[in-house]
Amino acid sequence: MMFQMSKISVKNYQIILFVVAFGISVAIKIIQIVITDMNAFQSSYYDVMDYSSIKLQSNVLLDTRAADYATKEVKVLCWIETYPKNFREKAIHIQRTWGKRCDKTIYVTTQVENDVVAGTVEDAEVLPLNITEGYEYLWTKTTHALRVIHDRYIDNFDWFFKADDDTFVIVENLRHFLLPHSPTKLLVFGCLLKNPNENVFYHSGGSGYVMSRAALRTLRIDGFTNPEICPPADELKPEDVALGICFRNLGVQMEDTRDDRGRLRFAVERPEFHLTTDQHESFWFYERSFQYVGLGFECCSHRPVTFHYVTPERMYLFDALLYRVFPYGVRYEENHLNKTDNLMKNK
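Residues numbered from 1 in each chain as written. Predicted model: local features only at pLDDT ≥ 70, side-chain atom pairs only at ≥ 80, totals over all residues. Heavy atoms only, no water.

Description of the packing of aromatic side chains
Okay, so step 1: Counting across every chain of the model gives seven aromatic pairs.
Okay, so step 2: Note on Phe177 and Phe266: the rings are 6.5 Å apart at their centroids and 75 degrees apart in plane angle, and the pair reads as edge-to-face. Remark: Phe266 occurs in the loop between β11 (253-256) and α8 (271-276) and Phe177 occurs in helix α5 (residues 171-178); sequence separation between them is 89 residues.
Okay, so step 3: For Phe266, a relative accessible area of 1% translates into the label buried.
Okay, so step 4: Among the aromatic side chains, those forming a connected cluster through ring pairs are Trp159, Phe177, Phe189 and Phe266.
Okay, so step 5: The ring of Tyr323 is capped by Arg101, whose NZ or CZ atom sits 3.6 Å from the centre of that ring. (Phe/Tyr/Trp six-rings, centres within 6.5 Å; stacked < 30°, edge-to-face > 60°. Helix = DSSP H or I, 4+ residues; strand = E, 2+ residues; numbered from the N terminus. Buried < 20%, exposed > 50% of the residue type's maximum accessible area, 1.4 Å probe, protein only. Lys NZ or Arg CZ within 6 Å of the ring centre and 35° of its normal.)

The following block contains the structure:
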């Protein structure tokens, strides 16, 4: 009897082991499938459609004359600060979404992976710099990058726009904003903040900033060569604050970019944060912003330029919502003739 019970127990034990092993193998397989799908999403090529091929649901072609005019008149070089690990995980998704809309896009890093040679990747230029990587060395990285960009491209573009590898940019709105301004003037635009420690105004690096050709030229020639004007390249300062010091000393106009209702165009956070946050009393941005920022839908302009802390998945989501999804029968019109229309008529 004992022997029979023992056999039954062993048999039951074997069955239990089999069920557990089977369950574990199924779970592992599911995890592998999920990871494979995620990797496929991350690495699959997303080809941004050309304006002329986008159609409304009513089969009416989009009227892109104003955007096309701005593209013709405003030449923008975009450069993205990234680092080796983030190039494949983040930066490449910029190139597959909004990065293709700049006139030229450059990805600045400290080294490249074995399968990424210095040059181009998916039509993107990769600029590796022989410097130490790390957040505390961002000013060093920025000065080296701007020297190279100036020396190679200063005469080819009107404006030079910097973003992080988790910044999402609506390039059409950037060009529209820049259209009335002259690249021959000493100008820099972004989300203007005040650093209480340095007593200096600066543009937030994460939300991006854009400088005119004239501003980059004087920064390179008169700023980086003079430690009395710009902090030395090896000084451990936040890159955006250090640039603020340079521009102040060079007499470059550091312009605010809020619209006529005080709403942000260059946002330091994700859209949902600015729309829904209740952290207005404690969040650093509201302490450093020298002007009131509205709440809810009054936070951001209806023509925003940038948002920060955007994941690769949301890069594709925002791109799809902006360029592939349209409410049927709805047209968006200004209450008055916009600046682009005026400039087009005056040509």
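A few points about empty space enclosed by the protein
Okay, so step 1: Counting across every chain of the model gives three cavities of 30 Å³ or more.
Okay, so step 2: Of the voids in this model, the second largest cavity is the one considered here, and its volume is about 40 Å³.
Okay, so step 3: Forming the boundary of the second largest cavity are Val188, His203, Tyr209, Asp240, Leu243, Gly244, Phe247 and Met254.
Okay, so step 4: Residue contributions to the lining of the second largest cavity peak at four residues, all from helix α7 (residues 239-250).
Okay, so step 5: Of the residues belonging to the lining of the second largest cavity, the class tally is five nonpolar, two polar and one charged. (1 Å grid on protein atoms, 1.4 Å probe; cavity = no way out; pocket = protein on both sides within 12 Å on 5 of 7 lines; lining within 4 Å. Points joined across faces, edges and corners; volume = space filled by probe spheres on them. Nonpolar A, V, L, I, M, F, W, Y, C, P; charged D, E, K, R; others polar.)

Thoughts on the environment of Ala267
Okay, so step 1: The topology assignment puts Ala267 in the loop between β11 and α8.
Okay, so step 2: Of the residues examined, Ala267 reaches a relative accessible area of 1% and is grouped as buried.
Okay, so step 3: A C-alpha to C-alpha distance of 4.9 Å links Ala267 and Phe307, two positions 40 residues apart in sequence.
Okay, so step 4: Not counting residues up to four positions away in its chain, the partners in contact with Ala267 are Ser207, His274, Thr306, Phe307 and His308. (Contact = heavy atoms within 4.5 Å.)

Some remarks on the packing of helix α6 (residues 213-223) against α7
Okay, so step 1: The contact between α6 and α7 brings their axes to 11 Å, and the two run at 90 degrees. Classed by the angle they form, the pair α6 and α7 counts as roughly perpendicular. Counting all contacts with α6, which are made through Ala215, Thr218, Leu219, Asp222 and Gly223, the residues of α7 involved are Leu243, Cys246, Phe247 and Leu250. (Axes fitted to C-alpha atoms, helices over the stretch in contact; angles between N-to-C directions. Parallel < 35°, antiparallel > 145°, perpendicular 65-115°, else oblique.)

Description of the confidence of the model for the chain
Okay, so step 1: Put simply, the chain has an average pLDDT of 79, and 71% of its residues get 70 or more.
Okay, so step 2: Across residues 1-5 the pLDDT falls below 50, and counting only partners more than four positions away or on other chains, this stretch makes zero contacts in the model.
Okay, so step 3: In this model, residues 33-58 is a region of pLDDT below 50 whose contacts with residues beyond four sequence positions or in other chains number 46 contacts. (pLDDT = per-residue confidence, 0-100.)

Describing α7
Okay, so step 1: Helix length check: α7, at 12 residues, gives a terminal C-alpha distance of 16 Å against a target of 16 Å (1.5 Å per residue), a fit within 8%.
Okay, so step 2: Within α7, 10 of the 12 residues are buried, leaving the element largely enclosed by the surrounding structure.
Okay, so step 3: Of all the residues in α7, the buried ones are Glu239, Asp240, Val241, Ala242, Leu243, Gly244, Ile245, Cys246, Phe247 and Leu250. (Expected span 1.5 Å × (residues − 1).)

Side note on α6
Okay, so step 1: By the criterion of burial, α6 is predominantly enclosed, with eight of the 11 residues buried.
Okay, so step 2: Of all the residues in α6, the buried ones are Arg213, Ala214, Ala215, Leu216, Thr218, Leu219, Arg220 and Gly223.

Section: the state of the cysteines
Okay, so step 1: Enumeration according to the criterion identifies two disulfides in this entry.
Okay, so step 2: Residue pairing for Cys78: its cysteine sulfur links by disulfide to Cys102, the two sulfurs lying 2.1 Å apart. Between Cys78 and Cys102, the disulfide has an S-S torsion of -85 degrees and is therefore left-handed. Residue Cys78 is found in strand β1 (residues 76-81), and its partner Cys102 is found in the loop between α3 (84-95) and β2 (104-109); the two are separated by 24 residues along the sequence. Across the pair, Cys102 and Cys78 agree in class, each one buried.
Okay, so step 3: Two residues share a disulfide in this structure: Cys230 and Cys246, whose sulfurs sit 2.1 Å from each other. Of the two residues, Cys230 is situated in the loop between α6 and α7 and Cys246 in helix α7; the sequence distance between them amounts to 16 residues. One exposure class covers both Cys230 and Cys246, and it is buried. (Disulfide = S-S within 2.5 Å.)

Here's the deal with the pattern of salt bridges
Okay, so step 1: A full pass over the atoms with the stated rule returns 21 salt bridges.
Okay, so step 2: Arg314 is the partner of Glu272 in a salt bridge, and the nearest nitrogen-oxygen pair spans 1.9 Å. In this pair, Glu272 sits in helix α8 while Arg314 sits in helix α10 (residues 312-323), placing the two residues 42 residues apart along the sequence.
Okay, so step 3: Several salt bridges converge on common partners, so that one network encompasses Glu81, Lys162, Asp164 and Glu239. (Salt bridge = Lys/Arg side-chain N within 4 Å of Asp/Glu carboxyl O.)

Things to note about the layout of surface pockets
Okay, so step 1: Roughly 580 Å³ of volume is contained in the second largest pocket.
Okay, so step 2: Looking at the second largest pocket, it is lined by 29 residues, and the ones nearest its centre are Tyr135, Leu138, Asp164, Glu239 and His308.
Okay, so step 3: The set of elements that each furnish at least two residues to the lining of the second largest pocket consists of α3, α4 (138-153), β5 (159-164), β8 (192-195), α7 and α9 (284-288).
Okay, so step 4: Here the element with the most residues in the lining of the second largest pocket is α7; it accounts for three residues.

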